[in-house]
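Next come the chains, spelled out residue by residue.
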Amino acid sequence: MKKHSARVAPLSACNSPVLTLTKVEGEERPREPPGPAEAQAPAGTETGGRTNRHPWTCSQKQLRKVFWGVAVVFCVCASWAGSTQLARLTFKTFDAPFTLTWFATNWNFLFFPLYYAGHVCKSTEKQSVKQRYRECCRFFGDNGLTLKVFFTKAAPFGVLWTLTNYLYLHAIKKINATDVSVLFCCNKAFVFLLSWIVLRDRFMGVRIVAAILAIAGIVMMTYADGFHSHSVIGIALVVGSASMSALYKVLFKLLLGSAKFGEAALFLSILGVFNILFITCIPVILYFTRVEYWNSFDDIPWGNLCGFSILLLTFNIVLNFGIAVTYPTLMSLGIVLSVPVNAVVDHYTSQIVFNGVRVIAIIIIGLGFLLLLLPEEWDVWLIKLLTRLKVRKKEEAAESSGDLGTGPQSRGRRARPSFAR
């Protein structure tokens, strides 16, 4: 028998500025020897002796992945929808989207400490913080994290991260949370288009259709409010945020490739350090120029700010590291499911009007997002599935015709005694 060797499969999560991680799949465990009852019966047979040509089995590992997938979907949906709604609530008393972006990005510094805590708890070969840090720094090259690497390979992504979140939060001030969340789903279509143009990824007709649906949904969403300036500006901000997120992902794959869990955690912590060192001056300038001004620090809703930051941190942690326990496609479903959650909340807390055009636009963008989740070999799998179903139908028809030929009447004829001498 052939042994299954460990494979390294790059898997990517989607939405927000997230990284492309690599996951090492472990070898399959050998099957336990059959018991006495199994050893006596031939393979593929049931107790009654009938052949089971199409056994449906599901391993414990797959069930565990599905279970964790449900938990991850719920966590992604709750954290993304919750952060969006909490940001909208914060702006009612604290009109400072860039300051909120800066404050939440500072929490990225916790990525590597949280990763190292998990490493200490689960890894059999425990390393010191310094050893683990040096090993993760190899991601940036043989020289590790130098000052040149920091400004050439980390700083641009820090700027894109800030722009993505700032444009998203600023759009929440202009339009409702439902429109913002559904329009941001277009970032996956932008990722495909950029990857096709820049990275020369494989052309897929179904993804082109998904991109067209996304663009049509944007136009219809703009038309839903009658092309008012306030609505158009908000939609343009969300589309800009989705574009920055797509550019972040494509450039990361182009310049840095893929990252393991420790390397991704270190990279995100470095973005937090960059934010503290080089972006802090911008909220200060905005405060003294009274663009984003508040009377005193007592007027700042610290509970909302910390709650938003924790939810956004949770969202990015689950989205970046959730592939360790489940499938990436299941995680992406949480982003789509956050749209109806925001719609329900907006229905009871705001004056959103769900007219026919808006509903159709939401459905079109959601459909385009789901089409982009199809794997590259989906057409091959579909042909194989249809072929199997066709073969199975022919086999069942042949069995049924054979049963009719050897039914009770024919058996009765053979068993009937002949009186003719």
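Residues numbered from 1 in each chain as written. Predicted model: local features only at pLDDT ≥ 70, side-chain atom pairs only at ≥ 80, totals over all residues. Heavy atoms only, no water.

Turning our eyes to something else, we now look at the overall build of the protein. In terms of helices and strands, the protein carries 17 helices and two strands. Classification of the 421 residues of the protein by burial places 41% in the buried group. By element, 64% of the accessible surface of the protein is carried by carbon and sulfur atoms, the whole surface being about 24,400 Å². (Helix = DSSP H or I, 4+ residues; strand = E, 2+ residues; numbered from the N terminus. Buried < 20%, exposed > 50% of the residue type's maximum accessible area, 1.4 Å probe, protein only. Areas by Shrake-Rupley, 256 points an atom, 1.4 Å probe, with all protein chains shown as cover.)

Packing of helix α6 (residues 147–174) against helix α11 (residues 261–279) leaves a shortest axis separation of 9 Å and a crossing angle of 80°. By the angle between their axes, α6 is roughly perpendicular relative to α11. Here F150, F151, K153, A154, A155, F157, G158, V159, W161 and T162 of α6 come into contact with α11, specifically with F267, L268, I270, L271, F274, N275, F278 and I279. Of the residues belonging to the contact of α6 with α11, the class tally is 14 nonpolar, three polar and one charged. (Axes fitted to C-alpha atoms, helices over the stretch in contact; angles between N-to-C directions. Parallel < 35°, antiparallel > 145°, perpendicular 65-115°, else oblique. Contact = heavy atoms within 4.5 Å. Nonpolar A, V, L, I, M, F, W, Y, C, P; charged D, E, K, R; others polar.)

What follows concerns the packing of aromatic side chains. Counted by the stated rule, this structure contains 30 aromatic pairs. Between F139 and F252, the aromatic rings sit 6.0 Å apart at their centres with planes inclined by 25°, giving stacked as the arrangement. Here F139 is found in the loop between α5 (129–137) and α6, whereas its partner F252 is found in helix α10 (residues 229–255), with 113 residues between them in sequence. Judged by its relative accessible area of 12%, F139 is buried. Ring plane angle 75° and centroid distance 6.3 Å describe the contact between W294 and F297, whose orientation is recorded as edge-to-face. Take F297: its relative accessible area is 55%, and that puts it in the exposed class. Through successive ring pairs, a cluster of aromatic residues spans F139, F140, F157, W161, Y248, F252 and F267. Directly above the ring of Y293 sits R290, whose terminal nitrogen or CZ lies 4.0 Å from the centroid. (Phe/Tyr/Trp six-rings, centres within 6.5 Å; stacked < 30°, edge-to-face > 60°. Lys NZ or Arg CZ within 6 Å of the ring centre and 35° of its normal.)

Within the largest apolar cluster, 58 residues are counted, with the highest numbers of intra-cluster contacts made by L183 and F308. Setting aside residues up to four positions removed in sequence, L183 forms contacts with I175, I218, M221, I235, V238, A242 and I365. Counting 31 residues, the second largest nonpolar core, distinct from the first, contains F150, A154, I270 and F321. (Core = buried A, V, L, I, M, F, W, Y, C linked by side-chain atoms within 4.5 Å.)

Right, let's talk about the packing of helix α3 (residues 97–106) against α11 for a bit. With their axes 8 Å apart at the nearest point, α3 and α11 run at an angle of 135° to one another. Relative to α11, the element α3 is oriented oblique. On α11, the residues touching F98, W102, T105 and N106 of α3 are G272, N275, I276 and I279. The residue inventory of the contact of α3 with α11, partitioned by class, reads four nonpolar, four polar and no charged.

This part covers helix α15 (residues 356–372). The end-to-end C-alpha distance of α15, which contains 17 residues, comes to 25 Å, matching closely the 24 Å that a straight helix rising 1.5 Å per residue would cover. Along α15, the positions that sit buried rather than exposed are R358, A361, I362, I364, I365, G366, G368, F369 and L372. Residues of α15 that are buried sit in contact with α7 (177–184), α8 (187–198), α9 (205–224) and α14 (328–349). (Expected span 1.5 Å × (residues − 1).)

One pass over the structure, following the stated rule, counts four salt bridges. Between R88 and D346 there is a salt bridge, and its shortest N-O distance comes to 3.9 Å. Of the two residues, R88 is situated in helix α2 (residues 60–90) and D346 in helix α14; the sequence distance between them amounts to 258 residues. We note that R88, like D346, is buried. (Salt bridge = Lys/Arg side-chain N within 4 Å of Asp/Glu carboxyl O.)

Of note, the phi angle at R290 is positive, near 60°, even though the residue is not glycine. In this structure R290 comes out as exposed when scored by relative accessible area, which is 57%.

This next bit is on the side chain of S338. Examined against the element boundaries, S338 turns out to sit in helix α14. Setting aside residues no more than four positions away along its own chain, S338 makes contact with C77, W80 and A81.

This part is about the side chain of T178. Residue position: T178 is located in helix α7. Under the relative-accessibility criterion, T178 is labelled buried at 0%. Reaching out from T178, the side chain makes a polar contact with the backbone nitrogen of A343 at a distance of 3.3 Å. Each residue touching T178, except ones within four places of it in the same chain, is listed here: V339, N342, A343, D346, I352, F354 and I362. (Polar contact = N/O pair within 3.5 Å; in protein donor to acceptor, adjacent residues only side chain to side chain.)

Further remarks concern a nonpolar patch on the surface. Taken together, W196, I197, V198, F203, L254 and L255 make up a surface patch of nonpolar side chains, about 570 Å² in accessible area. Counting residues per element, the nonpolar patch draws most heavily on α8, at three residues. On the secondary structure map, L255 appears in helix α10. (Patch = residues over 30% accessible without salt bridge, like charges linked within 9 Å, V, L, I, M, F, W, Y side chains within 5 Å.)

Our next topic: the environment of F369. In this fold, F369 is placed in helix α15. Sequence separation between F369 and V336 is 33 residues, and the spatial gap between their C-alpha atoms is 7.8 Å.

What follows concerns the confidence of the model for the protein. For the protein, the average pLDDT comes to 79, and 80% of its residues sit at 70 or higher. In this model, residues 1–56 is a region of pLDDT below 50 whose contacts with residues beyond four sequence positions or in other chains number 93 contacts. Note that residues 410–421 has pLDDT below 50 and, in this model, two contacts with residues that lie over four places away or in other chains. (pLDDT = per-residue confidence, 0-100.)

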